[in-house]
Amino acid sequence: MSGVEEAADEGVRPFRQLELRDVPAVVEQLELGMRHGAESLDAPDHFVTVLDEPELPEGAMKRVDAKGIPVLLYRDANGVRAIGAICTHRGAPLDQGKMKDGCIECPWHGSVFDFDGGGVVKGPATFPVTAYETRIKDGKIAIRPKA
Ligand code: FES
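So, a few notes on the structure that sits alongside this text. (Residues numbered from 1 in each chain as written. Predicted model: local features only at pLDDT ≥ 70, side-chain atom pairs only at ≥ 80, totals over all residues.)

What about the sheet that holds strand β5 (residues 98-100)?
The strand order β5-β6-β7-β8 describes an open sheet built from four strands, whose pairing is antiparallel. The open sheet has two edge strands, β5 and β8 (120-122), and neither has a second partner. In this sheet, adjacent strand axes meet at a mean angle of 30° when their direction is disregarded. For strand β7 (residues 112-114) and β8, the ladder comprises two bridges, and the chain directions are antiparallel. Bridge pairing in β8 places Val-112 opposite Lys-122. (Pairing = 2+ DSSP bridges. Helix = DSSP H or I, 4+ residues; strand = E, 2+ residues; numbered from the N terminus. Axes fitted to C-alpha atoms, helices over the stretch in contact; angles between N-to-C directions.)

Okay, here's the thing in structure tokens:
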């Protein structure tokens, strides 16, 4: 049995070799990660205000800019959730996707990401999007990377 088969048998996602077509999405994620890292190192408790609360009613989804980082907000009865707005597969704008059962479906190739943690529910994407902690204070929605 190969290592890939063993990993699949154990419920672990087998490693997929990166292809040239993956490079743009990987570079984007590295750049975003570096920016996130810089922010969290400078001020780990710092929330970034991204939107006035009334601009995101329950059931709404909105793309915002958090100091140059595109972030997708979604609000339901449980509150506001936030994930990276760029698909990790090939860089599609997730704000143009469809919401379903607390997940967002990419408009280009159908990857599905969980809004709670950014995880991949369905490929072809293999990397999660960044998930953010959210806060509503003084009528403003703010986010910061989850610890
Ligand atoms: S760009 Fe999102 S699934 Fe391909």
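Resuming the write-up.
Quick word on the pairing of strand β10 (residues 140-145)
When you tally the buried positions in β10, you get five out of six residues, the bulk of the element. Direction of pairing for strand β9 (residues 131-137) relative to β10: antiparallel, over a ladder of six bridges. Following the sheet pairing, Ile-136 is matched in β10 by Ile-141. (Buried ≥ 20, exposed ≤ 12 C-beta atoms within 10 Å, placed from the backbone.)

Concerning the sheet that holds β9
The pairing of strands in a sheet comes from backbone hydrogen bonds and takes either a parallel or an antiparallel form. Reading across the sheet, the six strands line up as β1-β10-β9-β4-β3-β2 and stay open at both edges, with antiparallel pairing between neighbours. Only two strands of the sheet have a single neighbouring strand rather than two, namely β1 (48-52) and β2 (61-66). For this sheet, the mean angle separating the axes of adjacent strands, direction not counted, is 35°. Bridge count for strand β4 (residues 79-84) against β9 is two bridges, and the pairing is antiparallel. Bridge pairing in β9 places Ala-82 opposite Tyr-132.

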